[in-house]
Amino acid sequence: MEDRSCRMIFRRLSLTGISPGVACGNPNDADAFTVSYPAVASTPDLNGDGQRDWVIEAPSFCAEQAAADYGYEVWISDETDGASRAFVAAPGRWPAFQVERTPAGMLDARPCLTGVICETIPLEWKRAARVFRPASSESLSSRP
């Protein structure tokens, strides 16, 4: 399932408008030319289906280019489509996971220094809509 889901994610990236890579510098100067790609990583199960899910981090950007308009995306494995996009974070945000529970919890976090308490937004899976949304105060109070 992971291989099928990963292939589906890469196919869908081209349809969603996400750049498959960012080229920086003069291509004729090997010391100045770089290409940055989105980083793809599997995550613990986030929606309770027993399958690993996926996070895609925006590629780095060049000094002369605008940054990506997203920080990361979460893609959920599913039996029907292979994978579907369930969350798009604002630029400069990072995913964090609560792995002590099943399914794992997900937090949308602002980056900060090690040892500093970071601002996080707990997210909850909305099964009917097949997306993550900021958790309601009711759902937060019922969490273990």
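Criteria and cut-off values
- Residues numbered from 1 in each chain as written.
- Predicted model: local features only at pLDDT ≥ 70, side-chain atom pairs only at ≥ 80, totals over all residues.
- Heavy atoms only, no water.
- Pairing = 2+ DSSP bridges.
- Helix = DSSP H or I, 4+ residues; strand = E, 2+ residues; numbered from the N terminus.
- Axes fitted to C-alpha atoms, helices over the stretch in contact; angles between N-to-C directions.
- Buried < 20%, exposed > 50% of the residue type's maximum accessible area, 1.4 Å probe, protein only.
- Contact = heavy atoms within 4.5 Å.
- 1 Å grid on protein atoms, 1.4 Å probe; cavity = no way out; pocket = protein on both sides within 12 Å on 5 of 7 lines; lining within 4 Å.
- Points joined across faces, edges and corners; volume = space filled by probe spheres on them.
- Nonpolar A, V, L, I, M, F, W, Y, C, P; charged D, E, K, R; others polar.

**Student:** I'd like a description of the sheet that holds strand β4 (residues 53-57), backed by residues and values.
**Tutor:** The four strands lie next to each other as β3-β4-β5-β6, forming an open sheet whose pairing is antiparallel. Looking along the sheet, the strands with just one partner apiece sit at the ends: β3 (39-43) and β6 (82-88). Between one strand axis and the next, the sheet turns through 25° on average, direction left out of account. In this sheet, β4 lies alongside β3 in antiparallel orientation, the contact comprising five bridges. Bridging across to β4, Ala39 finds its partner in Glu57.

**Student:** Which residues make up the sheet that holds strand β10 (residues 131-134), and what values do they have?
**Tutor:** A sheet is described by the order of its strands in space; here four strands give the open sequence β7-β8-β9-β10, paired in antiparallel fashion. Looking at the sheet topology across the chains shown, the edges are occupied by β7 (94-98) and β10. Averaged over neighbouring strand pairs, the angle between their axes works out to 40° when direction is ignored. Bridge count for β7 against strand β8 (residues 105-109) is five bridges, and the pairing is antiparallel. When the bridges of β8 are listed, Trp94 appears paired with Ala109.

**Student:** So what's going on with the environment of Pro103? Residues and values would help.
**Tutor:** Looking at the element boundaries, Pro103 is found in the loop between β7 and β8. Overall, Pro103 belongs to the partly exposed group, its relative accessible area being 27%. As for Pro103 and Gln51, which are separated by 52 residues in sequence, their C-alpha atoms are 9.7 Å apart. Beyond its immediate stretch of four places on either side in the chain, Pro103 contacts Asp45, Leu46, Asn47 and Gly48.

**Student:** Describe the layout of surface pockets, with residues and values.
**Tutor:** Each pocket or cavity is described by its volume, and for the largest pocket that value is around 200 Å³. Considering the residues around the largest pocket, the lining is formed by 13 residues, among which Ala58, Pro59, Tyr70, Gly71 and Gly92 are closest to the centre. A per-class count over the lining of the largest pocket returns eight nonpolar, three polar and two charged.

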